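Single-letter residue listing:
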Amino acid sequence: MLTGRRIVLGISGGVAAYKAAYLARRLVEAGASVRCVMTDAATEFLGAQTLAAITGEYPVLGFFDEPEVSPHTALGQWSDAMVIAPATAGTLAKLATGLSDNAMIATALAAEGPLVVAPAMHTEMWDKPSTQRNIATLLADGVTIVGPAEGALAGGDVGPGRLVEPEEIVAAVEASLNRDLEGWHVLVTAGGTREPIDPVRYLGNRSSGKMGNAIALAAAQRGASVVLVTAAPALRMAGVEVVAVETAQDMADAVWARVDDVDVAVMAAAVADFRPVTPADEKLRRAAGPPQIHLEPTPDILAGVAGREHRPFLVGFAAEAGSLDGAHHKATTKGVDLLVGNDVAKPGSGFATDTNQVTVYTPDGAADTWPLLSKTEVAERLWDRIRATYESG
Ligand code: PMT
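Here the residue index of a chain counts from 1 through its sequence in written order. Local features in this predicted model are restricted to residues whose pLDDT is 70 or higher, and side-chain atom pairs enter the listing and the counts only when it is 80 or higher, whereas totals over whole chains, interfaces and linings include all residues. In computing side-chain properties, one takes all heavy atoms of the structure into account and sets aside hydrogens as well as water.

Enquirer: What am I meant to see in the overall build of the chain here?
Expert: A count of helical and extended segments in the chain gives 13 helices and 21 strands. Relative to its length of 393 residues, the chain is compact, with a C-alpha radius of gyration of 23 Å against a globular reference of 21 Å. Think of it in three bands: with a 1.4 Å probe and only protein chains considered, a residue is buried below 20% of the maximum accessible area for its type, exposed above 50%, and partly exposed in between. Scored against the burial criterion, the 393 residues of the chain give a buried share of 51%. With 31 positive and 47 negative side-chain charges, the chain shows a spacing of 4 Å between the two charge centroids. Strands here are runs of E lasting at least two residues and helices are runs of H or I lasting at least four, both read from the DSSP assignment and numbered beginning at the N terminus. Atoms counted for the radius of gyration: C-alpha only. Globule rule: 2.2 Å times residue count to the power 0.38. Charge counting follows a simple rule: Lys and Arg are positive, Asp and Glu are negative, and His as well as the terminal groups are ignored. By convention, the charge on Lys lies at NZ, on Arg at CZ, on Asp at CG and on Glu at CD.

Right, dumping it as C-alpha cells:
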C-alpha cells in the first residue's frame, strides 16, 4: 500500500501515455497523494484535465505559467517517490545524462526519493545500443526499471517495448519505498560458469544471469549491501558489488572467501558439475580428429557453504527439466533453508527468459508453487519469503 505516500507521476509522449490515466487511478486507490508532470508531447496523447480529475491536482506542464515560482523543485521536494510512465527513448536519454530541458526531467533531478521508470517504445528503438546504454546507466544510478513487456505495439507491430500494466508499476513504486533489508549483508551468485577445453572453447550452459541479477538488484533496492558473484556479463547496479568470475573454481573461491561475512547467500548460478581435467594449451585442430576430453567434478559450492559451522541463511536453486522431483530431493538433502526449483523445459521459465515459474521448497519438502511471474517479481517475492523465514527462525 502507498497510504500517505506522495508520488509524482511523470508522463512523456508516447501512445502508451493513455495508460498513465489508469496508473494515476491505481496509485490513488493504493492510498497515495498523486501529482503529475507532463511533457509537451504527452499532452498530445492524454488530456491534462483527465489527470486533474483523477488526482485532484492540475498537472505541471512546464517551467513557466505555473503558480509556483519553481514548479519542478517544489514538486520534486514534495515527493516521496517519482515514477515516469511511459518513458520514451528520448526521456531515457535525458534521464541518463541529466538533460533537464523539460519540467519532468527537472523534477526527476530535484527529487530525492526513489525513481521508477517504465519504458515504452518500438522494439527497434528499445534494442538500439544507445537505449540499452542509457538503461545500464540508469540501473547503475539506482533507478528501478520496470518492463518493457512484450506484446502489441502502436501501428500493429508486436514485440518487446510495450508499457507494463499499471498494477506492475504500482508494485514497483511500493517496492522502491521498501527498505526492509537495510543492514543486511547478502551474497548472490548468477550466470553460467565456463570450463575451458582449449583457449577458444569451453563447456558452458544457457544461464544469462537474469535471475541472479534480479535477486541482487531487488535486495540492493530494499537497502541490503549486496555482493554479486557472477559468471554472466555484469550490469553495474547501485548498491551491488560485482565480482566477475569465469569457472566453477573461480566462483567457489570468490564465494567461500566472502560467505562468512554475509547474513544470506542465494545461489542462483548454473555451475558446471564437470570440467576438462587438462584444458589444451593450444586450439584443438579439426585435422587431429575428435579429441578425447576427460572430465572431473568441479567443487560443489553450495555444499561448501552448507557445511560451514556458522553458515548464512542459505537459498539454493535447482534447474530441472520436465519434473521438479530433483528439486524436491535437493531441498531435503542439500542442507539449505530454502530451495527454488524451476522447470527449464517450460515455456517462459528458466534460462534467459524475462519470466520464471518457480516452486519454493523448505527442508521438510513442503512446496509453494508460484505463478509465472517476471524475474523481478520472483526476486521480490523471494526476499519477502527469505525475510519471513529468517525472522521467524
Ligand atoms: O540466469 P538465467 O538465464 O536467468 O537462468 C536462471 C537459472 C535457470 C540459471 C536459475 O533460475 C537456476 O535454476 N539456477 C540454478 C541452476 C543449477 O545449477 O541448478 P543445479 O540443480 O545444477 O544446482 C543446484 C544448486 O547447487 C544451485 O544453487 C547451484 O548454484 C549449486 N551448485 C551446483 C553445482 C556446483 N558445482 N556447485 C553449486 O554450488
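Once you've had a look at it, read on.
Enquirer: I would appreciate a short explanation of the environment of Asp337 in the present structure.
Expert: Here Asp337 lies in the loop between helix 12 (325-333) and strand 17 (338-343). In sequence terms Asp337 and Asp364 are 27 residues apart; their C-alpha atoms lie 9.7 Å from each other. When checking whether two residues touch, look at their non-hydrogen atoms; a contact exists if any pair is within 4.5 Å. Not counting residues within four places of it along the chain, the set of residues in contact with Asp337 comprises Arg311, Pro312, Phe313, Leu314, Tyr361, Thr362 and Pro363. For this analysis, a polar contact is any N or O atom pair within 3.5 Å, provided that within protein one partner can donate a hydrogen and the other can accept it, and provided that sequence-adjacent residues contribute only side-chain to side-chain pairs. A distance of 2.7 Å separates the side chain of Asp337 from the side chain of Arg311, its partner in a polar contact.

Enquirer: Explain the domain arrangement of the chain here, please?
Expert: Domain limits in this description derive from either an automatic procedure or a database domain assignment. Each assigned domain of the chain is listed with its residue range as follows: domain 1 (6-176) and domain 2 (185-391). Taking only C-alpha atoms into account, the centre of domain 1 sits 34 Å from that of domain 2. On the domain 2 side, the residues contacting the 9 residues of domain 1 number 10 residues. In this description, buried area is defined as the sum, over both parts, of the accessible area (probe of 1.4 Å) that is lost when the two are combined. A per-residue breakdown of the area domain 1 buries against domain 2 is headed by Leu139, Ala140 and Ala175, which together make up 55% of the total. Counted as salt bridges are all cases of a side-chain nitrogen of Lys or Arg within 4 Å of a carboxyl oxygen of Asp or Glu. The tally of links from domain 1 across to domain 2 stands at 0 salt bridges. On inspection of domain 1 and its partner domain 2, the count reaches 4 residue pairs in polar contact (both at pLDDT 80 or more).

Enquirer: Explain the site of the ligand here, please?
Expert: Neighbouring residues are identified by heavy atoms, a residue being near a molecule or strand if any of them is within 4 Å of it. Near the ligand lie 28 residues; those nearest to it are Ser207, Ser208, Lys330, Asn342 and Ala352. Take Lys210: an N or O atom from its main chain is 3.3 Å from an oxygen atom of the ligand. One nitrogen or oxygen atom from the main chain of Ala268 is found 2.9 Å from a nitrogen atom belonging to the ligand. Protein contact buries 95% of the 770 Å² of open area that the ligand shows by itself. For the shell around the ligand, the secondary structure elements donating two or more residues are helix 9 (210-221), helix 11 (301-306) and strand 16 (313-320). Among the elements that take part in the shell around the ligand, strand 16 stands out by supplying 4 residues, more than any other. Note on areas: Shrake-Rupley with a 1.4 Å probe; residue coverage comes only from the protein chains shown.

Enquirer: Hey, could you run me through the pairing of strand 2 (residues 33-38) in this one?
Expert: For a regular strand, side chains alternate in direction, first toward one face of the sheet and then toward the other. With 5 of its 6 residues buried, strand 2 lies for the most part within the structure. Where strand 1 (residues 6-11) meets strand 2, 6 bridges bridge the pair, whose relative direction is parallel. Across the sheet, Ile11 pairs through a bridge with Met38, a residue of strand 2. The β-α-β motif built from strand 1, the intervening helix 1 (residues 18-29) and the parallel element strand 2 has right-handed crossover chirality. Paired strands, as defined in this entry, are two strands with at least two bridges between them according to DSSP. The crossover handedness rule: strands pointing away from the viewer, path from first strand over the helix to second strand clockwise, crossover right-handed.

Enquirer: Can you walk me through unusual backbone geometry in this structure?
Expert: The general pattern is negative phi for most residues beyond glycine and trans for most peptide bonds. With an omega of -5 degrees, the peptide bond running from Ala85 to Pro86 counts as cis. With respect to the element layout, Pro86 can be found in strand 3 (residues 81-87). Between Gly147 and the following residue, Pro148, the backbone shows a cis peptide bond with an omega angle of 5 degrees. Within the secondary structure layout, Pro148 lies in the loop between strand 5 (144-145) and strand 6 (149-152). One non-glycine residue, Asp65, adopts positive backbone phi at about 60 degrees.

Enquirer: What is the right way to read the nonpolar core from this model?
Expert: Ranked by internal contacts, the top residues of the largest apolar core, which has 60 residues, are Ile215, Val226, Val266, Trp383 and Ile386. Examining the composition of this core, we find that 8 residues originate from one element, helix 9, more than from any other. Here Trp383 is in contact with Leu181, Trp184, Val186, Ile215, Ala218, Ala219, Arg222, Val264 and Val266, once residues within four sequence places are set aside. By nonpolar core we mean a set of buried residues, namely Ala, Val, Leu, Ile, Met, Phe, Trp, Tyr and Cys, connected to one another through side-chain atoms within 4.5 Å. Judged by nonpolar contacts, the second largest core, of 35 residues, contains Met38, Ala120, Val164 and Leu177.

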